[in-house]
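Coordinates in review
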Amino acid sequence: MLQMEQDELKRQEDKCTQENPPACTAGCPIHVDARKLMQEIKNQDLKSALTTLQKKQPFPGIIGRICDHPCENVCKRTEVGSAIAISALERFCVQNQSAKIAKTLKIPLKSQTVAVVGSGLRGLTVAYDLAKKGYKVSLFEKADRLGGNLWNFPHHQLPPEVIVEELSVLNRLNVQIELNKAITRQNLAELQKEFNVVYLGFAAHSSEVSVLLGEQVKVDPVTCVTPLTGIFSGAFGDNDSPIKSVADGRKAAVSIDRYLQGVSLTASREGEGAHATKLFVNTKGILPLPVVPISDELGGYTPEEALQEAGRCLDCQCLECVKACKYLENYGSYPKQYLRQIYNNDTIVMGMRHGNKMINSCSLCGQCAAICPQGLDLGETCKATRESMVSKGKMPPSAHDFALRDMAFNNSEEFALTRHQPGSNSSNYVFFPGCQLSASSPEQVEKVYVYLTEKLSGGVALMLRCCGAPADWAGNQELFQNSFKVLVAQWESLGKPQLIVACSTCHSMFRERFPEVVSLWELMANLELPPQGASVRGGKIAVQDACTTRHEPVIQDAVRNIVTKLGYEVEELPYSKEQTKCCGFGGLTSFVNPELAKEIVEERINESTSDYVAYCAMCRDNFASQGKRTFHLLDLIFGTDLDKAANRPSVGFSYRHENRAKLKSKLLHSLWKEVPSEKEGAYRTIKLQLNERILKIMEERRILIEDIQRVIELAERTGRKFINPDNGHSLAHFRPVKVTYWVEYQAQEQSFVVLNVYSHRMEIVEEGHE
């Protein structure tokens, strides 16, 4: 698959709503960051809170006291209680924190001039915004003081001295103020000649605009442009909303700036003013809380009341997928940012690809898409990128080396097997247990096969091998397609029987590629269960759904049906069925990032104190590896020693190979009366002594028993080894594919004591050897 193109990247990024503003900010005509403001009040940092207001409000001491708060009408808190009293908290900030007078910046002055007529909030905002950009602004007011209707507010709400102090910023910005200067239509013509632009700071359709421009003149609501060249006016037709008046003035200031620069007045203005937000915020489960009452209406909130009220803020964010997925949480960001990192990593020509581990650590399980309101599937992108990296030769060879070696073993003569039912030359069905169940519980594979041959007529064939998922997850499509062709050929050699699949991953790989495939659990739910299972004791048990059955409700229901038939009460984990969590094996996470895989398991197994039951062998083994009592569904069905089954330790990598090989050998001997061929390789005769420390190292480093046997056999046969003269220990290495294995050992009678093992990705080159 080709690397992601820019337009596809943008399409995927747009699905992530995390960077969209919260409803309060989007609903504010000038987009004050109320969410940040609430956080700063909660942190008792009023200095920063006032700075947040100053970033958007031209005169925070005024606006913070008189804002008519349309933001509160869209506050998400209304879904669980009352809206946050944002306006009252803004007032608390400006009343309790003196605005620091910023040093007048030396703004590069522009040559263009602007006349602003009227010093209401529209005119004041235009004068303020354009003066900050360096334009030469003159402000004309017919009264003897600036502020217009601001003087009509009650003094306890907006003290006169606050108006004077706040508007003094215009003097520091070198705005030329002309008081007692009424502008008539004749004066307007003179202003047009003297100034590059004239702004009429009145509401649209007001009497002032009608007198100056005429009754029929219309103002463009998007750009504040009038039909008269160089004249702009208020586009909002209401004087009752202070914050909308400010927004109207700001819109005009943007248009005037663009006009004077000679650029488009309409481009990229969709986000101006109040609008709805795409940000998804989940309020489910949040405790409803009423607004904190103000003990002194005239004085406003006390510090204690303000702290309590700001504490009701939900800090609106989406992060639904991050809350659910340990992988997304681990890298400290969210999908939109990850998409950009993945794109940059894949398109880099030279230099370090720092995103490789992140890309290869995803489980590809699809949980993010199931949870995301927009269906964004980061796993889909990670998988496509892996394919791109492999196709361009940019995938680190060691990333999936062990998993692909394991797959090669499973498709080799050591394990692979295709046979009709003993005594039959045709089959209506074929049982495909999968390589992981065969490795974890080979005895259960035997029991299931016998059960199916007893319950189904027409012949049940058996096929042992890997479905190819590791190659698919690794992004190696050539290897996957080649292995799948062999699998299909084997299936066709049986006469194309219906596939019965025990492994959920195998089912997910087959469902799009085979005409008929059925899950073992669907089948058993409709058949009589073995008599041993009927005697199983009941109780509450938590079901771990395999992530590869995320979109398979029939399988999920079948599993619960079986569990219920066995007398158990089903407990649903916090994320189950369509939203189930991965166990850390999917996508080869545990091979690339074992630390993360461990955290994934730890989080999942601590979500309930009940025993777990899984119908995926890897889920069961991964949970058991960290001490969680976990059954495989077959443990319950066949009624084995339940305590032993629940506490059965996870099978190590070396013994997984051995279990598969022994399963094939046993079935050939017991069912088909065939004598298995002897395993090739002199290394297999090497007997080892391994203590618990060595076994732990082997598991952590993905070193197999056969790897150690190969190292020692080669060293003993060729003499290519180092010998420590102090203790006589031998040290040797062997590199079968991409990884070099080192073993420190000592010969002891008929075996070898392994003293240490380790591995690395470097190739050892010795002089005199090819």
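A brief structural summary. Each chain has its residues counted from 1, following the order in which its sequence is written. Under the rules for a predicted model, residues below a pLDDT of 70 receive no local features and side-chain atom pairs below 80 are neither given nor counted, while totals for whole chains, interfaces and linings still include all residues. As a rule here, side-chain values cover all heavy atoms of the structure and leave hydrogens and water aside.

1. Observations regarding the overall build of the protein chain
Secondary structure summary: the protein chain contains 36 helices and 19 strands in total. Only C-alpha atoms enter the radius of gyration; for comparison, a globular chain is expected to reach 2.2 Å times N to the power 0.38, where N is the number of residues. For the protein chain, whose C-alpha radius of gyration is 36 Å, the value lies well above the compact-globule estimate of 27 Å for 770 residues. Across its three principal directions, the C-alpha atoms of the protein chain cover 110 × 70 × 50 Å. Under the scheme applied here, a residue whose accessible area is under 20% of the maximum for its type counts as buried, over 50% as exposed, and between as partly exposed, the area being computed with a 1.4 Å probe on protein chains only. Within the span of the protein chain, comprising 770 residues, buried residues form 54% of the whole. Sequence-distant contacts, at least 24 apart, represent 71% of the contacts inside the protein chain between residues at least 6 apart. The numbering of helices and of strands both runs from the N terminus, where a helix is a DSSP run of H or I of at least 4 residues and a strand a run of E of at least 2. By the convention used here, residues are in contact when the closest approach between their heavy atoms is within 4.5 Å.

2. Section: the packing of aromatic side chains
Pairing of aromatic side chains requires ring centres within 6.5 Å, counting the rings of Phe and Tyr and the six-membered ring of Trp. Pairs whose planes differ by under 30 degrees are stacked, by over 60 edge-to-face, and all others tilted. If you walk through the whole model with that rule in mind, you get 21 aromatic pairs. Ring centres of Phe 484 and Phe 514 lie 5.9 Å apart, and the angle between their planes is 45 degrees; this geometry places the pair in the tilted category. With Phe 484 in helix α24 (residues 477–493) and Phe 514 in the loop between α25 (504–510) and β10 (517–519), the pair connects residues that are 30 residues apart, well separated along the chain. Overall, Phe 484 belongs to the buried group, its relative accessible area being 6%. In this structure an aromatic cluster arises from ring pairing among Phe 432, Phe 480, Phe 484, Trp 491, Phe 510 and Phe 514. Ring-over charges, as used throughout, are those where CZ of Arg or NZ of Lys falls within 6 Å of the ring centre and within 35 degrees of the ring normal. For Arg 710, the ring lying beneath its charged end belongs to Tyr 683, and the centroid distance is 4.1 Å.

3. Considerations on the sheet that holds strand β1 (residues 113–117)
At least two DSSP bridges between two strands are required for those strands to pair. Reading across the sheet, the five strands line up as β3-β2-β1-β4-β5 and stay open at both edges, with parallel pairing between neighbours. Here the strands that pair on one side only, and so sit at the sheet edges, are β3 (176–178) and β5 (231–233). Pairs of neighbouring strands in the sheet enclose a mean axial angle of 20 degrees, with direction left out of account. With four bridges connecting them, β1 and strand β4 (residues 197–200) associate as parallel partners. Bridge assignment links Ala 115 to a residue of β4, and that residue is Val 198. Fitting a line to C-alpha atoms yields each axis, with helices limited to the stretch in contact; the angle taken between N-to-C directions then spans 0 to 180 degrees. Across the sheet, helix α7 (residues 121–132) is in contact with β1, β2 (136–140) and β4; its angle to β2 comes to roughly 165 degrees. The strands touched by helix α10 (residues 185–194) within the sheet are β1, β2, β4 and β5, with β4 carrying the most contacts at an inclination of about 140 degrees.

4. Notes on the pattern of salt bridges
We define a salt bridge as a side-chain nitrogen of Lys or Arg found within 4 Å of a carboxyl oxygen belonging to Asp or Glu. Tallied over the full model, the rule gives 37 salt bridges. With a closest N to O distance of 3.9 Å, Lys 664 and Glu 413 form a salt bridge. Linking Lys 664 in helix α34 (residues 653–670) with Glu 413 in the loop between α20 (401–410) and β6 (417–419), this pair joins segments that are 251 residues apart in sequence. On the basis of relative accessible area, Glu 413 is assigned to the exposed category, the value being 66%. Note that Lys 581 is salt-bridged to Glu 603, the shortest N-O span being 3.2 Å. Residue Lys 581 is found in the loop between β12 (568–572) and α29 (589–592), and its partner Glu 603 is found in helix α30 (residues 594–605); the two are separated by 22 residues along the sequence. A relative accessible area of 6% means that Lys 581 is categorised as buried.

5. Considerations on the sheet that holds strand β15 (residues 688–689)
Sheet architecture is open: five strands sit in the order β15-β19-β18-β17-β16, paired in mixed fashion. Among the strands making up the open sheet, the edge pair consists of β15 and β16 (722–723). Bridge count between β15 and strand β19 (residues 751–760): two bridges; the pairing is parallel. Among the inter-strand pairings, Gln 689 is bridged to a residue of β19, identified as Val 753.

6. Digging into the environment of Asp 643
Considering the arrangement of structural elements, one finds Asp 643 in helix α33 (residues 642–647). For the pair Asp 643 and Thr 381, spaced 262 residues apart in the sequence, the C-alpha separation amounts to 42 Å.

7. Observations regarding unusual backbone geometry
Only a minority of non-glycine residues have a phi that is not negative, and only a minority of peptide bonds are not trans. For Lys 673, which is not a glycine, the phi torsion comes out positive at approximately 55 degrees. Its place among the elements puts Lys 673 in the loop between α34 and β15. A positive phi angle, near 55 degrees, is found at Glu 749, a position not held by glycine. Tracing the backbone shows Glu 749 in the loop between β18 (740–748) and β19. We classify Glu 749 as exposed; its relative accessible area is 79%.

8. Quick word on the nonpolar core
Working definition of a nonpolar core: buried Ala, Val, Leu, Ile, Met, Phe, Trp, Tyr and Cys residues. They are joined through side-chain atoms within 4.5 Å. Formed by 121 residues in total, the largest nonpolar core has its most connected members in Phe 431, Leu 452, Phe 510, Leu 520 and Trp 521. Look past the residues within four positions of Phe 431 in its chain and what remains in contact with it is Val 445, Val 448, Tyr 449, Leu 452, Val 460, Ala 461, Leu 462, Met 463, Ile 500, Ala 502 and Leu 520. In terms of nonpolar packing, the next biggest core, distinct from the first, is built from 69 residues, Ile 63, Leu 150, Phe 232 and Val 292 among them.

9. Focus: the packing of helix α1 (residues 6–15) against helix α16 (residues 335–347)
The contact between α1 and α16 brings their axes to 9 Å, and the two run at 160 degrees. Taken together, the axes of α1 and α16 lie roughly antiparallel to each other. Pair α1 / α16 crosses with right-handed handedness. Facing Gln 6, Leu 9, Gln 12 and Glu 13 of α1, the residues of α16 in contact are Lys 336, Leu 339, Arg 340 and Tyr 343. Looking at the contact of α1 with α16 residue by residue, the classes come out as three nonpolar, two polar and three charged. Orientation labels follow simple angle bins: below 35 degrees gives roughly parallel, above 145 gives roughly antiparallel, 65 to 115 gives roughly perpendicular, and whatever is left gives oblique. Crossings are assigned a handedness: left-handed for a near helix turned anticlockwise from the far helix by less than a right angle, right-handed for a clockwise turn. Polarity classes work like this: nonpolar for Ala, Val, Leu, Ile, Met, Phe, Trp, Tyr, Cys and Pro, charged for Asp, Glu, Lys and Arg, and polar for all others, with Gly in that last group.

10. A look at helix α22 (residues 442–455)
Taking 1.5 Å per residue, 14 residues should reach 20 Å; α22 reaches 20 Å between its end C-alpha atoms and fits that length. For α22, the complete set of buried residues consists of Pro 442, Gln 444, Val 445, Glu 446, Val 448, Tyr 449, Tyr 451 and Leu 452. Multiply 1.5 Å by the residue count of a helix minus one, and that product is the helix's expected span.

11. Some thoughts on α1
Taken together, the buried positions of α1 are Leu 9, Gln 12 and Glu 13. Down the axis of α1, the sector holding all buried residues measures 100 degrees, keeping them to one side. On its buried face, α1 sits against α16 and α19 (378–391). To be clear, the arc concerns the directions from the helix axis to the C-beta atoms.

12. Focus on the pairing of β1
Among the five residues that make up β1, five are buried, leaving the element largely enclosed by the rest of the structure. Here β1 shows no split at all, with Thr 113, Ala 115 and Val 117 on one side and Val 114 and Val 116 on the other all buried. Pairing of β1 with β2 involves five bridges; the strand directions are parallel. Directly across from Val 117, in β2, lies its bridge partner Phe 140.

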